[in-house]
There are 4 protein chains.
Amino acid sequence: MKRQPEESRDRILAAAVKIFAEKGYNGARIDQIAGEAGVNKALIYYYFEGKEAILNELFQSFFRQSTGMLLDFVERGGFGENPEENKRLFEAEYASYLMSSRDLLKIIVMESLKDENEDTPLFNLVDLGGSATPERLDDMESQTGMSEAEKNQLYVTEFFTGVMPFVCYIVLKDKWCRHFGMEEEELGRCFDIAMEDTHEQYHKNRDGKP
Amino acid sequence: MKRQPEESRDRILAAAVKIFAEKGYNGARIDQIAGEAGVNKALIYYYFEGKEAILNELFQSFFRQSTGMLLDFVERGGFGENPEENKRLFEAEYASYLMSSRDLLKIIVMESLKDENEDTPLFNLVDLGGSATPERLDDMESQTGMSEAEKNQLYVTEFFTGVMPFVCYIVLKDKWCRHFGMEEEELGRCFDIAMEDTHEQYHKNRDGKP
Amino acid sequence: MKRQPEESRDRILAAAVKIFAEKGYNGARIDQIAGEAGVNKALIYYYFEGKEAILNELFQSFFRQSTGMLLDFVERGGFGENPEENKRLFEAEYASYLMSSRDLLKIIVMESLKDENEDTPLFNLVDLGGSATPERLDDMESQTGMSEAEKNQLYVTEFFTGVMPFVCYIVLKDKWCRHFGMEEEELGRCFDIAMEDTHEQYHKNRDGKP
Amino acid sequence: MKRQPEESRDRILAAAVKIFAEKGYNGARIDQIAGEAGVNKALIYYYFEGKEAILNELFQSFFRQSTGMLLDFVERGGFGENPEENKRLFEAEYASYLMSSRDLLKIIVMESLKDENEDTPLFNLVDLGGSATPERLDDMESQTGMSEAEKNQLYVTEFFTGVMPFVCYIVLKDKWCRHFGMEEEELGRCFDIAMEDTHEQYHKNRDGKP
DNA sequence: CATGAATGAGTCTTCATTCAT
DNA sequence: GATGAATGAAGACTCATTCAT
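From a predicted model like this one, the values you see are computed outputs, not experimental measurements. (Residues numbered from 1 in each chain as written. Chains lettered and ligands numbered in written order. Predicted model: local features only at pLDDT ≥ 70, side-chain atom pairs only at ≥ 80, totals over all residues. Heavy atoms only, no water.)

(A) Examining the relation of the copies chain C and chain D more closely. The transformation that overlays chain C on chain D combines an axial shift of 0.0 Å with a rotation of 180°, and the residual RMSD is 0.2 Å. The transformation just described matches what one would write down for a two-fold rotation axis. In terms of proximity to the rotation axis, the leading residue of chain C is Thr-198 of chain C, whose C-alpha is 2.2 Å off the axis. Interface overlap between copies is the fraction of interface residues in one copy that are interface residues in the other; for chain C against chain D it reaches 98%, indicating a shared surface. (Least-squares fit on C-alpha atoms with pLDDT ≥ 70 in both. Contact = heavy atoms within 4.5 Å.)

(B) Here's a closer look at the interface of chain A and chain B. Across the boundary between the two partners, chain A contributes 53 residues, which contact 54 residues of chain B. Across the chain A/chain B interface, buried area totals approximately 4800 Å², and carbon plus sulfur atoms make up 68% of it. The largest per-residue losses of area from chain A upon contact with chain B belong to Leu-113, Phe-160 and Trp-176 of chain A, which jointly make up 15% of the total buried on that side. Put simply, chain A and chain B have 6 salt bridges between them. The salt bridge partner of Arg-102 of chain A is Asp-115 of chain B, with a shortest N-O separation of 3.0 Å. On inspection of chain A and its partner chain B, the count reaches 21 residue pairs in polar contact (both at pLDDT 80 or more). For the side of chain A that touches chain B, the secondary-structure elements that each account for two or more residues are helix 1 (7–27), helix 6 (102–113), helix 7 (121–129), helix 9 (148–180) and helix 10 (184–208) of chain A. Per-element tally for the side of chain A that touches chain B: the top contributor is helix 9 of chain A, with 18 residues. In terms of residue class, the side of chain A that touches chain B is built from 27 nonpolar, 13 polar and 13 charged. (Buried area = accessible area lost by both parts, 1.4 Å probe. Salt bridge = Lys/Arg side-chain N within 4 Å of Asp/Glu carboxyl O. Polar contact = N/O pair within 3.5 Å; in protein donor to acceptor, adjacent residues only side chain to side chain. Helix = DSSP H or I, 4+ residues; strand = E, 2+ residues; numbered from the N terminus. Nonpolar A, V, L, I, M, F, W, Y, C, P; charged D, E, K, R; others polar.)

(C) Representation of the interface of chain C and chain D within the structure. Each partner contributes residues to the interface: chain C has 54 residues there, and chain D has 54 residues. Around 4800 Å² of area is buried between chain C and chain D when both sides are counted, 68% of it from carbon and sulfur atoms. A per-residue breakdown of the area chain C buries against chain D is headed by Leu-113, Phe-160 and Trp-176 of chain C, which together make up 15% of the total. A salt bridge links Glu-116 of chain C to Lys-23 of chain D; its shortest N-O distance comes to 3.8 Å.

(D) Region of interest: the environment of Met-182 of chain D. In this structure, Met-182 of chain D sits in the loop between helix 9 (148–180) and helix 10 (184–208). With a relative accessible area of 5%, Met-182 of chain D lands in the buried category. If near-sequence neighbours (up to four positions away) are discounted, Met-182 of chain D is found in contact with Asn-152 and Val-156 of chain C together with Trp-176, Cys-177, Leu-187 and Cys-190 of chain D. (Buried < 20%, exposed > 50% of the residue type's maximum accessible area, 1.4 Å probe, protein only.)

(E) Seen up close, the protein's contact with DNA strand E. DNA strand E sits among 40 residues. The nearest are Arg-29 of chain A, Met-1, Lys-2 and Asn-40 of chain B together with Asn-40 of chain D. Among the atoms of DNA strand E close to the protein, meaning within 4 Å, 68% are from sugar or phosphate groups. Separating a phosphate oxygen of DNA strand E from a side-chain N or O atom of Asp-31 of chain C is a distance of 3.5 Å. Lys-41 of chain C is positioned with one of its side-chain polar atoms (N or O) 2.9 Å from a base oxygen of DNA strand E. If you list the elements that add at least two residues to the surface near DNA strand E, you get helix 3 (41–47) of chain A, helix 3 (41–47) of chain B, helix 2 (30–37) and helix 3 (41–47) of chain C together with helix 3 (41–47) of chain D. (Near = heavy atom within 4 Å.)

(F) Molecular detail of the protein's contact with DNA strand F. The local shell around DNA strand F holds 40 residues, among which Met-1 and Asn-40 of chain A together with Met-1, Lys-2 and Asn-40 of chain C are the closest. The sugar-phosphate backbone supplies 66% of the atoms of DNA strand F found within 4 Å of the protein. In the environment of DNA strand F, a phosphate oxygen lies 3.0 Å from a nitrogen or oxygen atom belonging to the side chain of Ser-8 of chain A. Elements represented by at least two residues in the surface near DNA strand F include exactly helix 3 of chain A, helix 2 (30–37) and helix 3 of chain B, helix 3 of chain C together with helix 3 of chain D. For the surface near DNA strand F, the residue count by class is 19 nonpolar, 6 polar and 15 charged.

So this is what it looks like as structure tokens:
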């Protein structure tokens, strides 16, 4: 079936995300991806080196996008005139992006857990905020004066009590609703309150102190 | 090689946990498990119906154990005379058990994320504290009067900002240390502080209010 | 090796008939079939669901063919102007087809005997003459008036003293010749005489009476 | 489980007959036989060399028994004073024995059909009447004067229109009844009539002539 | 005699990948 | 770009047979 150039490629990627999220990378079959994408199995090998290359492409484009959003934010003023407001806007935008990447996040988490995997894509979510924009964000946000230990603590707290709860919420919310018979919206409200009561509260205490 | 009765079976289970954690359930090979266990491949099929049966056995024995610990705690006095102290003891004991189940937890998380899987073993960790001991724990801890909505909020907060951060910490701590060049102990201290600053703080606020 | 479309599929079927006849369905190995067919083992699973699907296809195509021949005969005039002659022609044609299906007949008989098998493909040879063309053949041949009991008797006699001896002759003739040191042709003559003396004689008596 | 000596052996043989008849020799599993016999799998190897040895034992004891009955008949007078009557008695006795060997007959037929098998146990049923008692039966029944060709014709007719229909009747009668909704007894009557009308008729013509 | 445990050699089936068109 | 056909390498699972007790 002839399509727009590159359309097939995108269909394959979209299908791959879906199947990988359904069965996990190892459980996914190239046939299923081809079927889901509505293309011939061999065509996948025309566009990609192999199964793993699809996964890589998926991960890379996700982090490219993430980085892009962050850079955009920094470029277009960063914390500029209205730091609080700007940051809130960016976070909302990024949160929304993550929510739309539910399937990919699942894959990222699953692959991050395997002992055999060298890298842990999940940590990119931390690196992003840290290493990706060191000289810029760091200076701005943290008035430079921050020991290595303080940074570590910051990262740990952000990751384990901020990022991961949110990631878990995104990837588990449908299952949670099905299992406990809740509505998506109710769970959303509950989760917001939960974060408000814990992580957000921590931020308020922290920022308020000095 | 003849061994003590049931020894081979245990070796197989132990090997399976390890390999599953390394490669994921789908990525694990029966040969590898046999090799790791030092038993003949066919022997695996003598003790188990197949690959999936091993996984099930693993999950079941984990939740059997978990339930056992909780029941023991309730039986032997529950919150008895010194509720705070007793609860802290149990939590420490259970936390320690979870830490020792790192590999299994990885598998549980990975399998919980797959869309194709009907059940979400992760939620058992919630069910455990909830449904397993409703009339006892509930009454004691929560003065009975608690609406459905309040319970939902409680579960959501506990799970996403209490259980999951801890689970994530357990399954990611070695990778975190390798990735960020931290010592296990330092990470442990950081994580404790992070929980103290967020989830524990929430509990204090909550209990302190009334 | 690329071949004409469907050629591989046919080669596989032909090879399967041969191997099944040699070792029986259960004794046959997919490798052997692939080897005999000169195709890659995996290709068998490209064309068929599995071993059993091959057997089914074989059986179905045999009975499709058989039914086709019978229907052709009926369509093209049936007992038309020269009933006796037409019938004789059809029988000769069908007998010749059966002779050429020697291997498949072996398989049919073997599978028909297993207690575990629900259906008895052998009986299709009876159903064929009966149910496949009820309103046509029946009326013509048997002047309609025939009680259930008479029909039963007819089927039993036809099957056990007509069909089965012929089937047994086809599937055992080579073994008989080897065992008793007879020539195929001599056995053929003997078998014709045997049938002439028994089953044919019965038909003559039956038709002659009224 | 301790039993009478040799009891286990018999149980194994009986179980083997049943399972072989159900699934065919190749389809039968040693485990199933052990299960059916209610003995440990390894015990089978105490009594028999292996799977094939069981089959051989089964076949041998069947033909030993058959030969025994025939010899008994010959020894105790053969066609003696009342040839017709004696022969009829023997045939009835032997027919009854065959009927009771339904499962074994199935196995014999199935194994006889496989191209790979050197010998054709089915033919033993012919050999029995022929070679087993050449100088005795032959002389008596056939007044010696009988050419090789005549003998061949005799065997062919006996086997394909006498023995095989009967064997087929025995091994297929339950399936026939289930398939066509007939009662065992009705089928029995029909079959007797069928044989009467064909094979028996042939005998009458043959004996009556001279 | 009897058995639970163990094993080597298969045996069916799957799958990522490639080829020819 | 696209596809039906083909394949090597593995993968899960089986099975007759043996061993130690």
